[in-house]
Amino acid sequence: MKRLINIFSFIIISWVLSISLPLFASATAIETNTSPKKVRLQIWHQMIYSHRAILADAVEEYEKRNPHIDIDLTYRETEELRSSFQAAAMGGSGPDLIYGPSDQVGPFATMGIIRPLENLFEGEFFKQFDPLSTIQYQGHIYMQGDMVGNHLMLIYNKKLLTTPPKNTDELIAMAKENTLDIDKDGVIDRYGLVWNMTEPFFFVPWIKGFGEHFLDANNMPHLATESTQRAFQLIQKFKNLRIVPQESDYELANALFKEGKAAMIINGDWSWGDYQKANLDFGVAPLPQVSETGLWPAPLVGTKGYSMNIHIREENLESVKDLLRYLTSSEVQLRFTEKANTLPSNLELRTRDIVKNNELLKASSEVMKHGEPMPIVPEIRATWDALRGKYQSVLAGKLEPNIAALDAQKDSLKQIDAMNKILEPDASAQVIYFISFLLVLIILVKVYRSLPQIKKEWNSSTRFAFIMMIPAFLGLLLVVLYPFAYNLILSVSNLSLKTFFNWKIIGLHHYFNVINDPQFYLVLLKT
């Protein structure tokens, strides 16, 4: 144990020296290079594969025009993108630009991790875009989109269906006809309908088909309704009729449709590029009217675009602004329209024949007439999170639609309350501070007492062994010990959307909540 403490103390001293020496060297260096300073920028995005290739080509062209700039592109799935960016921003880092759907603006702006754009760009810059693509929140512009739409529709394989269904009765009938066990082995080889059964974004349009929106006029959850219950019953009916797979996430649904193993898919305009690349002859249509009500489902219509990290280094700010101008320019938008059939946010581009004569964009415009704007308030995140589990449980047959609707409303309001509530420290916070102080004091005393022994061993034949062990111990410190300690600290803090940069230790509040929750013991027994 004593030798381990000696080694740990040596690592701390070495770490301090490793930081200090480069800083000293850089402070005394003389700048002799007069060429433009090399700039490295990062973009995080969640574009699907076909769009990624277009973005990569555009970025490569930009780098050729600006040889002093290197751009790193990083793909992350939508939810991972959000969580990773939040974690990076908390530590003062992250990408310079983040690209994603407009509903991430509310949470990010509330946390204070993206920059307002109106003071960075002149007013004329924003006038060239469709107002739907310039995302504002609480009086500030936080995102500029490069396309408009990002909405769901029914996409059908023209080799399997000559015309799309007009209502849900026709949808079921056509799906039954196209759900086939072709080789008679007891396994379905082609499904009539597929969609992403894991994300509630694919479910909420059906709620409006039964008369009510899933949010009220104040953008608060409105889920404990007959419309939500009947929408749950409808998708449960699809499942029970076996016209859809028993389980399906986005990737599986997309693969089945591309491979001709599904006649119809509920998907968005972002997917067209993939289907064209797969040489599919497909058509698009609105989600069918609900036969029981005669009402149209209402897909959420929004944009995808770029936001700027609050932590952009000042010396890189002009480069990041120029890059954002380029990525939202008519030149780059035209690339996406030509290769992926996206509806550009640039208003001038929409007057060109390539947009006006595009049959897919014409059909998509008809779909958008039945849509509703994507909410960008932070509360939408709580609504998605509350709906996700209930939606999946209904499809799995583990929860009745009426109970799912009530529970989704209750859970979403609970999450919103927790999100907006700023907890204050209780008595247990003082106990945590006292215990932490004692631990730090004990470690410092141990380290101090070990210094003579460290010096002795450093001057002995074991010096080489110390040096060889430094990388392993630093890796252990950075990859295991630091994340563990950091998450332990966060677990006793009041970190939330409202306190993202000014959180504090509040005590054992969250642990008491878990212990007092009956669900905790059920989960504990199962695991």
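### Some remarks on the overall build of the protein
For step 1, the next point in the chain: Each helix and strand counted, the protein has 20 helices and 11 strands in total.
For step 2, the next point in the chain: The principal-axis extent of the C-alpha atoms belonging to the protein is close to 85 × 65 × 50 Å.
For step 3, the next point in the chain: Taken over 527 residues, the protein has a buried fraction of 47%.
For step 4, the next point in the chain: Look at the contacts in the protein between residues 6 or more apart in sequence, and 75% of them connect residues 24 or more apart.
For step 5, the next point in the chain: Counting only carbon and sulfur atoms, one obtains 59% of the accessible surface of the protein, whose full area is about 26700 Å².
For step 6, the next point in the chain: The distance from the centre of the 52 positive side-chain charges to the centre of the 57 negative ones in the protein is 6 Å.

### A word on the packing of aromatic side chains
Here a ring pair, both rings aromatic, is described through the centre-centre distance and the interplanar angle of the planes.
For step 1, the next point in the chain: Counting across every chain of the model gives 20 aromatic pairs.
For step 2, the next point in the chain: Ring geometry for Phe-125 versus Phe-126: centroids 5.1 Å apart, planes at 75°, classification edge-to-face.
For step 3, the next point in the chain: The class of Phe-125 is buried, set by a relative accessible area of 4%.
For step 4, the next point in the chain: In textbook terms, an aromatic cluster arises when at least three aromatic residues are bridged by ring pairs, as seen for Phe-201, Phe-202, Phe-214, Tyr-250, Trp-270 and Trp-384.
For step 5, the next point in the chain: Cation over ring: Arg-76 sits above Trp-44, and NZ or CZ is 4.2 Å from the ring centre.

### A closer look at the pattern of salt bridges
For step 1, the next point in the chain: Counting across every chain of the model gives 28 salt bridges.
For step 2, the next point in the chain: Measuring nitrogen to oxygen at the nearest pair gives 3.8 Å for the salt bridge that ties Lys-38 to Asp-70. Of this pair, Lys-38 sits in the loop between helix H1 (2-28) and strand S1 (39-45) while Asp-70 sits in strand S2 (residues 69-75); the two residues are 32 residues apart in sequence, bridging distant segments of the chain.
For step 3, the next point in the chain: Residue classification places Asp-70 among the partly exposed residues on the basis of a relative accessible area of 23%.
For step 4, the next point in the chain: The partner of Arg-313 in a salt bridge is Glu-315, with the nearest N and O atoms 2.6 Å apart.

### Brief notes about the nonpolar core
For step 1, the next point in the chain: Judged by nonpolar contacts, the single largest core of 48 residues is most densely connected at Trp-195 and Met-264.
For step 2, the next point in the chain: Listing elements by their share of this core, those giving two or more residues are strand S6 (152-157), helix H6 (168-177), helix H7 (205-208), helix H8 (226-240), strand S8 (262-268), helix H15 (379-395) and helix H16 (401-420).
For step 3, the next point in the chain: Looking at this core element by element, the count peaks at 6 residues for H15.
For step 4, the next point in the chain: Sequence-distant contacts of Met-264, that is, excluding residues within four places in its chain, are made with Leu-154, Ile-155, Tyr-156, Leu-161, Pro-165, Leu-171, Met-174, Ala-175, Gly-192, Leu-193, Val-194 and Phe-257.
For step 5, the next point in the chain: Ranked by size, the runner-up nonpolar core spans 33 residues in total, among them Tyr-99, Ile-141, Met-308 and Ala-340.

### Focus on the pairing of strand S4 (residues 134-137)
For step 1, the next point in the chain: Where S4 lies against strand S5 (residues 140-149), 4 bridges are found, and the strand directions are antiparallel. Bridged to Ile-135 within S5 is Met-143.
For step 2, the next point in the chain: Taking the residues that link successive antiparallel strands as the turn, the S4-S5 hairpin has 2 residues, and the phi of Gln-138 there is positive, at about 55°.

### Quick notes on the packing of H15 against H16
The axes of two packed helices give the description: the angle between them and the distance between them.
For step 1, the next point in the chain: Interhelical geometry of H15 versus H16 gives an angle of 150° and a closest axis separation of 8 Å. In terms of their interaxial angle, H15 and H16 are classed as roughly antiparallel. At the point where H15 passes H16, the crossing takes the right-handed sense. Side by side, H15 and H16 meet where Glu-379, Ala-382, Thr-383, Asp-385, Ala-386, Leu-387, Lys-390 and Val-394 of the first sit next to Pro-401, Ala-404, Asp-407, Ala-408, Asp-411, Ser-412, Gln-415, Ile-416, Met-419 and Asn-420 of the second.

### With respect to unusual backbone geometry
For step 1, the next point in the chain: Positive phi values are uncommon outside glycine, yet Lys-184 reaches one of about 55°.
For step 2, the next point in the chain: The phi torsion at Asn-279 lies on the positive side, around 60°, for a residue other than glycine.
For step 3, the next point in the chain: Take Asn-279: it is sitting in the loop between helix H10 (272-277) and strand S9 (282-285).

### Examining the sheet that holds S6
For step 1, the next point in the chain: One open sheet accounts for 4 strands, arranged S7-S8-S6-S9; its pairing is mixed. Bordering the open sheet on either side are strand S7 (191-194) and S9, each of which pairs with just one other strand. On average, each strand axis in the sheet is tilted by 20° relative to the strand beside it, whichever way the strands run.
For step 2, the next point in the chain: As paired strands, S6 and S8 are joined by 5 bridges and run antiparallel to one another. Each bridged residue has a counterpart across the sheet, and for Tyr-156 the counterpart in S8 is Met-264.

### Focus on the side chain of Asn-494
For step 1, the next point in the chain: Locating Asn-494 in the fold gives a position in the loop between helix H18 (463-490) and helix H19 (509-515).
For step 2, the next point in the chain: Taking the relative accessible area as the measure of exposure, Asn-494 reaches 4% and is therefore buried.
For step 3, the next point in the chain: A polar contact of 3.0 Å, which involves the side chain of Asn-494, links it to the backbone oxygen of Leu-423.

### Topic: the environment of Lys-208
For step 1, the next point in the chain: Among the secondary structure elements, Lys-208 is positioned in helix H7.
For step 2, the next point in the chain: Residue Lys-208 is classed as partly exposed on the basis of its relative accessible area, which comes to 25%.
For step 3, the next point in the chain: For the pair Lys-208 and Leu-406, spaced 198 residues apart in the sequence, the C-alpha separation amounts to 17 Å.
For step 4, the next point in the chain: Excluding residues that lie within four positions of it along the chain, Lys-208 makes contacts with His-213, Leu-295, Trp-296, Ala-298 and Glu-372.

### Considering the confidence of the model for the protein
For step 1, the next point in the chain: When pLDDT is averaged along the protein, the result is 89; 93% of the residues meet or exceed 70.
For step 2, the next point in the chain: Throughout residues 10-33 the model reports pLDDT below 50, and contacts reaching past four residues in sequence, or to other chains, amount to 10 contacts.

### Examining H6
For step 1, the next point in the chain: Of all the positions in H6, only Thr-168, Leu-171, Ile-172, Met-174 and Ala-175 are classed as buried.
For step 2, the next point in the chain: In this fold, the buried residues of H6 make contact with S6, S7, H7, H8 and S8.

### Here's the deal with the packing of H8 against H16
For step 1, the next point in the chain: Between H8 and H16, the least distance of the axes is 8 Å, while the angle of their chain directions is 130°. Our classification of the angle between H8 and H16 gives oblique. Crossing handedness for the pair H8 and H16: right-handed. Every residue of H16 that contacts H8 at Thr-228, Gln-229, Phe-232, Gln-233 and Gln-236 is listed here: Pro-401, Asn-402, Ala-404 and Ala-405.
For step 2, the next point in the chain: Taken together, the residues of the contact of H8 with H16 break down into 4 nonpolar, 5 polar and no charged.

The rules behind these values
Residues numbered from 1 in each chain as written. Predicted model: local features only at pLDDT ≥ 70, side-chain atom pairs only at ≥ 80, totals over all residues. Heavy atoms only, no water. Helix = DSSP H or I, 4+ residues; strand = E, 2+ residues; numbered from the N terminus. Buried < 20%, exposed > 50% of the residue type's maximum accessible area, 1.4 Å probe, protein only. Contact = heavy atoms within 4.5 Å. Areas by Shrake-Rupley, 256 points an atom, 1.4 Å probe, with all protein chains shown as cover. Lys, Arg positive; Asp, Glu negative; His and termini not counted. Charge placed at Lys NZ, Arg CZ, Asp CG, Glu CD. Phe/Tyr/Trp six-rings, centres within 6.5 Å; stacked < 30°, edge-to-face > 60°. Lys NZ or Arg CZ within 6 Å of the ring centre and 35° of its normal. Salt bridge = Lys/Arg side-chain N within 4 Å of Asp/Glu carboxyl O. Core = buried A, V, L, I, M, F, W, Y, C linked by side-chain atoms within 4.5 Å. Pairing = 2+ DSSP bridges. Axes fitted to C-alpha atoms, helices over the stretch in contact; angles between N-to-C directions. Parallel < 35°, antiparallel > 145°, perpendicular 65-115°, else oblique. Left-handed = near helix turned anticlockwise from the far one by under 90°. Polar contact = N/O pair within 3.5 Å; in protein donor to acceptor, adjacent residues only side chain to side chain. pLDDT = per-residue confidence, 0-100. Nonpolar A, V, L, I, M, F, W, Y, C, P; charged D, E, K, R; others polar.

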